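One letter stands for each residue in the lines below.
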Amino acid sequence: PTSMNQISNRLLKNFRLRSTPTRQEILHLFLKKDYALSHSDIESEIAENIDRVTVYRTLKTFFDRGLIHKVLDDGGSLKYALCTNSCSETEHRHEHVHFKCTGCGQTNCLDVEIPMVKLPKGYFAREVNLLIQGTCQNCSR
């Protein structure tokens, strides 16, 4: 079986990023969790010797390279999730639905396409986000 280190090393290499202990640790966290993580979620889970600025820079680098994408939640706070499709430095493609559970509070990427929205004349979409709130499959049992 492929180890977490092998997976994260391959991902970092694919996105032309040098492998560092901090990048490894943050990437392992994204690989372990199947929901979007906020900056504070990440800070609370990683080694205490990694400072806030390093976490911020790592997230920015991951985002800029197309490794993670931003997920907005109902409170307007920013979370991040691994990109599941062919994202790159030049383009993020995330026309999928994000679902926030009102029970556990987790925000997940769903493999559900956002329906086409016809904008009025003169309006041009640069980014489309759709957040649905309700109860996830774990909480509705």
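In case you missed it, the structure is sitting above this.
Keep in mind the model is a prediction, meaning the values are calculated, not measured. (Residues numbered from 1 in each chain as written. Predicted model: local features only at pLDDT ≥ 70, side-chain atom pairs only at ≥ 80, totals over all residues. Heavy atoms only, no water.)

Asker: So, the overall build of the chain: which residues are in play, and what are the values?
Answerer: When helices and strands are counted, the chain shows four helices and six strands. Secondary structure elements of the chain occur, N-terminal to C-terminal, as α-α-β-α-α-β-β-β-β-β. Projecting the C-alpha coordinates of the chain onto the three principal axes gives extents of approximately 50 × 40 × 35 Å. Evaluated residue by residue, the chain yields a buried proportion of 35% over its 141 residues. Within the chain, counting contacts between residues at least 6 apart in sequence, those at least 24 apart form 50% of the total. Summed over all atoms, the accessible surface of the chain reaches about 9500 Å², with 49% contributed by carbon and sulfur. On the chain, the mean spot of the 19 positive side-chain charges and the mean spot of the 16 negative ones are 5 Å from each other. (Helix = DSSP H or I, 4+ residues; strand = E, 2+ residues; numbered from the N terminus. Buried < 20%, exposed > 50% of the residue type's maximum accessible area, 1.4 Å probe, protein only. Contact = heavy atoms within 4.5 Å. Areas by Shrake-Rupley, 256 points an atom, 1.4 Å probe, with all protein chains shown as cover. Lys, Arg positive; Asp, Glu negative; His and termini not counted. Charge placed at Lys NZ, Arg CZ, Asp CG, Glu CD.)

Asker: So what's going on with unusual backbone geometry? Which residues, and what values?
Answerer: For arginine 16, which is not a glycine, the phi torsion comes out positive at approximately 55°. Classification of arginine 16 as exposed rests on a relative accessible area of 58%.

Asker: Describe in detail the sheet that holds strand E3 (residues 78-82), supporting the description with residues and values.
Answerer: Strand order in the open sheet formed by three strands is E1-E3-E2, and the pairing between neighbours is antiparallel. Whereas interior strands pair on both sides, the edge strands pair on one side only; in this sheet they are strand E1 (37-38) and strand E2 (68-72). With five bridges connecting them, E2 and E3 associate as antiparallel partners. Looking across to E3, one finds that valine 71 is bridged to lysine 79. Relative to the sheet, helix H2 (residues 21-32) contacts E1, E2 and E3, its axis offset from that of E3 by approximately 80°. Where helix H4 (residues 52-65) meets the sheet, it contacts E2 and E3, and its direction lies at approximately 105° from that of E2. (Pairing = 2+ DSSP bridges. Axes fitted to C-alpha atoms, helices over the stretch in contact; angles between N-to-C directions.)

In short, shape yes, function no, at least from these values alone.
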